[in-house]
Amino acid sequence: MSFVITTPLYYVNDKPHLGSIYTTIICDSIARYKRLLGQKVIFITGVDEHGLKIQRTAYEKGVKPENHCNEISNIFLDNWKDWDITFDKFIRTSSRDHESIVGEFYNRVRKSDDIYMGVQKGWYCVGCEEFKDNPENSSTYKCPIHQKNLEWKNEENLFFRLSKYQSEIEQLISEPSFIEPKERRNEIINFVSKGLKDFSISRTNVSWGIPVPDTKDHTFYVWFDALLGYVSAISLNEGKHSLDESISGGWPADIHLIGKDILRFHAVYWPAMLISAGMKLPKKVFGHGFLTREGQKMGKSLGNVLDPNSLLTKYGKDPVRWYLIKDITLGNDGDFQNKRFVDIVNNDLANTIGNLLNRTSSMSRKWFDNKVPNIDGLPDENEISSLAKETINNYLKHFDSYKLDLAAKEILNLAINTNLYLNDKQPWTLIKEDPKYSEVKDIIYNVLESTRIIGTLLLPILPDLSSKIDLQLGSIYSKEIPWKEQLEWGILNNSSLLPKPNPIIDKLEYG
Ligand code: MSP
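Residues numbered from 1 in each chain as written. Predicted model: local features only at pLDDT ≥ 70, side-chain atom pairs only at ≥ 80, totals over all residues. Heavy atoms only, no water.

Break down the overall build of the chain for me, with residues and values.
Across its full length, the chain carries 18 helices and 15 strands. Radius of gyration (C-alpha) of the chain: 26 Å, near the 24 Å computed for a compact globule of 511 residues. Structurally, the chain occupies a C-alpha span of about 90 × 45 × 40 Å along its principal axes. Put simply, the chain has 511 residues, and 57% of those count as buried. (Helix = DSSP H or I, 4+ residues; strand = E, 2+ residues; numbered from the N terminus. Rg over C-alpha atoms; globule rule 2.2 N^0.38 Å. Buried < 20%, exposed > 50% of the residue type's maximum accessible area, 1.4 Å probe, protein only.)

What follows is the structure, given as structure tokens:
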């Protein structure tokens, strides 16, 4: 059975920003981890191309929506490649294949008698593509997320009978594993307890959308169409493309990783739509927090949007991945501060991990003929080998429960303690005393083996840095051997050659 993980399908009103990179990097790390554990993974990402927001963006630019979507979707695709995102499926909701699956799904829901024609009146945020409460009932009230005026809508729409699924949804969200983190689950429980209202799934004033079969002038509401992208992605490029193929190809998703602002759609509307269509429900919806910059929400109007491309060119992938994964608890809001970013990368990666490897490798090369010390059998169980074992167990436990920050901190903790061990044992003093020669061998072996474990644990989080560590240790990581087996203590080859040390990461500069 495949492990299916999804990013949100990003609106193509603009190119990716750090928020979209953030979610995608986390998913990438989880996907890499699951693959390393030997699971088949379907990592789905893509773009949400329909709706009023995109239609308007294109018209404002003076181009056809399809041309605009082609341009921005390609930018997303290129960006994901630049960031080395290991997605398996990239779905575009404007594709013909997707359209046919939306039609099939709609027929199922119609057969369940869950669609009817009604009148939709209310205040709409085009940015969110969502009807909103308007406490002032005025056209000057602004959406708290987009800071833009809401628009009054009054039109005939098709409705989906969400209210029919009140008790099923209540039961679903009461499962602690369905919505994470806990605080977010409580928000949704609170929302659902007020009573679910049917919601409209078609529009008559939006031409840039999928036409609703048998209903003249109606296109599907962008969210109804977009959520189905997760399903249609599965049979994309698989020869046969249909709802059944997607279902047998891996549905349901194991985890939808999304931002907290779109939790209702994923944890309430989407499951109800799936129940109506007789389909299985996603196993988990994880709502992460928002990224701010130097304490302020990132936004075009504030002029403080961080361009991920400039971060990539200036600093490279791994420093940004490390900061986003290690410094932000998945589920909490996180702040991007330039100084903190530089300090963390320099301290954790360059000083703590990089220097540990470099200085130990230099000592080993100098004292043991450019090699890993040739020890007789493994050194006895010692503080570093015990700590490494404990680190591995904790890391796996944290990764399995999507606590990636804690998994990353486990690695760092092992590196910090290995540095302390080295400073405490002072092999540079012992080497001058002849009888202590074998003790020095054991110390150096322990430290090098610990850095090997550190590098191996870093593989799903910082793939490039992990490979550089491996290279410095004589390229002993093997893709043919299960990753978990390579986390065993004592794999470092006695007397294998150590190449000339090279810093695995350059220190970053402020600014
Ligand atoms: N198209 C919908 C999702 C449809 S999923 C079937 C959408 N797109 S979006 O581009 O507006 O947002 C995509 C994701 O980016 C959302 O999960 C949103 O929470 C996230 N973020 C937007 N701004 C963000 C930050 N500043 N920080 C972190 N994530 C942010 O919603």
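Break down the sheet that holds strand S2 (residues 41–48) for me, citing the residues and quoting the values.
By way of backbone hydrogen bonds, the strands of a sheet pair with one another, either parallel or antiparallel. Taken together, six strands build an open sheet; the order of strands is S3-S2-S1-S11-S12-S7 and the sheet is parallel. Strand pairing shows two members of the sheet lacking a second neighbour, strand S3 (89–92) and strand S7 (179–180), which therefore form its edges. As paired strands, strand S11 (residues 255–259) and strand S12 (residues 285–288) are joined by four bridges and run parallel to one another. Counted as the bridge partner of isoleucine 258 is glycine 287 from S12. (Pairing = 2+ DSSP bridges.)

Describe helix H3 (residues 65–82), with residues and values.
Relative to the 26 Å expected for 18 residues at 1.5 Å per residue, H3 spans 25 Å between its end C-alpha atoms, a close match to the ideal helical length. Residues of H3 that are buried include every one of Pro65, His68, Cys69, Ile72, Ser73, Phe76, Asn79 and Trp80, and no others. An end-on view of H3 places all buried positions within 120° of arc, on one side of the element. Against the buried residues of H3 lie strand S1 (3–11), helix H1 (18–36), S2, helix H2 (52–61), S3 and helix H11 (308–315). Aspartate 84 occupies a position one or two residues after H3 and carries a positive phi of about 60°. (Expected span 1.5 Å × (residues − 1). Arc of directions from axis to C-beta. Contact = heavy atoms within 4.5 Å.)

Account for the sheet that holds strand S8 (residues 199–200), naming residues and giving values.
Read from one edge of the open sheet, four strands run S5-S4-S6-S8, paired in antiparallel fashion. Two strands close off the open sheet at either side, each with one partner strand: strand S5 (130–132) and S8. Bridge count between strand S6 (residues 151–160) and S8: two bridges; the pairing is antiparallel. Considered in S8, the bridge of phenylalanine 159 is made with serine 200.

Lay out the nonpolar core in plain terms, naming residues and giving numbers.
The nonpolar side chains of a soluble globular protein tend to be buried, and buried together. Counting residues in each nonpolar core, the largest one holds 163 residues, and the members touching the most others are Phe105, Phe160 and Tyr395. At eleven residues, the largest contribution of residues to this core is made by helix H13 (residues 338–367). Non-local contacts of phenylalanine 105, meaning those with residues more than four positions away in its chain, are made with Phe224, Leu228, Leu243, Met273, Leu274, Ala277 and Met279. Counting residues in hydrophobic clusters, the runner-up holds six residues, among them Trp123, Cys125, Tyr141 and Cys143. (Core = buried A, V, L, I, M, F, W, Y, C linked by side-chain atoms within 4.5 Å.)

Which residues make up the pattern of salt bridges, and what values go with them?
A side chain of one charge can pair with a side chain of the opposite charge when the charged atoms of the two come close. Evaluated as defined, the whole model comprises 28 salt bridges. Taking the shortest distance from any N to any O, the salt bridge between lysine 89 and glutamate 238 comes out at 2.7 Å. One end of the pair, lysine 89, is in strand S3; the other, glutamate 238, is in the loop between helix H8 (229–232) and helix H9 (243–248), with 149 residues separating them in the sequence. Taking relative accessible area as the criterion, lysine 89 reaches 6% and is therefore assigned buried. Note that glutamate 180 and lysine 284 form a salt bridge whose closest N and O atoms lie 2.6 Å from each other. Separated by 104 residues along the polypeptide, glutamate 180 in strand S7 and lysine 284 in the loop between helix H10 (263–276) and S12 bring together distant segments of the chain. Judged by its relative accessible area of 12%, lysine 284 falls in the buried class. What emerges from the salt-bridge pattern is a single network uniting Asp28, Arg32 and Arg321. (Salt bridge = Lys/Arg side-chain N within 4 Å of Asp/Glu carboxyl O.)

For the packing of helix H6 (residues 182–193) against H10, give the residues involved together with the corresponding values.
For any two helices packed against each other, one specifies the crossing angle of their axes together with the interaxial distance. Where H6 meets H10, the axes come as close as 11 Å, and the angle between the chain directions of the two elements is 55°. Between H6 and H10, the interaxial angle falls into the category oblique. In this structure, H6 crosses over H10, and the sense of that crossing is right-handed. Between H6, through Arg184, Ile188, Phe191 and Val192, and H10, the contact on the second element is made entirely by Leu263, Arg264, Val268 and Tyr269. Class assignment of the residues belonging to the contact of H6 with H10 gives a composition of six nonpolar, no polar and two charged. (Axes fitted to C-alpha atoms, helices over the stretch in contact; angles between N-to-C directions. Parallel < 35°, antiparallel > 145°, perpendicular 65-115°, else oblique. Left-handed = near helix turned anticlockwise from the far one by under 90°. Nonpolar A, V, L, I, M, F, W, Y, C, P; charged D, E, K, R; others polar.)

Tell me about helix H12 (residues 317–326), residues and numbers included.
When you tally the buried positions in H12, you get nine out of ten residues, the bulk of the element. Those residues of H12 not exposed but buried are Asp318, Pro319, Val320, Arg321, Trp322, Tyr323, Leu324, Ile325 and Lys326.

A description of the site of the ligand should follow, citing residues and the corresponding values.
Around the ligand, 20 residues are found, and the nearest of them are Leu9, Asp48, Gly259, Asp261 and Leu291. Here an oxygen atom of the ligand and a side-chain polar atom of aspartate 261 are 2.4 Å apart. Within the complex, 91% of the 670 Å² of free accessible area of the ligand lies under protein. Broken down by secondary-structure element, the contributors of at least two residues to the shell around the ligand are S1, helix H7 (222–227) and S11. For the shell around the ligand, the element with the most residues is S1, which contributes four residues. Class assignment for the residues of the shell around the ligand results in twelve nonpolar, six polar and two charged. (Near = heavy atom within 4 Å. Polar contact = N/O pair within 3.5 Å; in protein donor to acceptor, adjacent residues only side chain to side chain. Areas by Shrake-Rupley, 256 points an atom, 1.4 Å probe, with all protein chains shown as cover.)

Account for the side chain of lysine 53, naming residues and giving values.
Examined against the element boundaries, lysine 53 turns out to sit in helix H2. In this structure lysine 53 is buried but unpaired, with glutamate 129 as the nearest side chain of opposite charge at 6.7 Å. Setting aside residues no more than four positions away along its own chain, lysine 53 makes contact with Tyr11, Asn13, Val126, Gly127, Glu129 and His146. (Lys, Arg positive; Asp, Glu negative; His and termini not counted.)

Provide a residue-level description of unusual backbone geometry, including the pertinent values.
Residue proline 181 is reached from glutamate 180 by a cis peptide bond, and omega for that bond is -10°. Along the chain, proline 181 falls in the loop between S7 and H6. In this model, tryptophan 251 is joined to proline 252 through a cis peptide bond whose omega is 15°. You will see that aspartate 217, though not glycine, has its phi angle at about 70°, which is positive. Assessed through its relative accessible area of 57%, aspartate 217 is described here as exposed. One non-glycine residue with positive phi stands out, namely glutamine 426, at about 45°. Topologically, glutamine 426 is positioned in the loop between helix H15 (404–425) and helix H16 (427–430).

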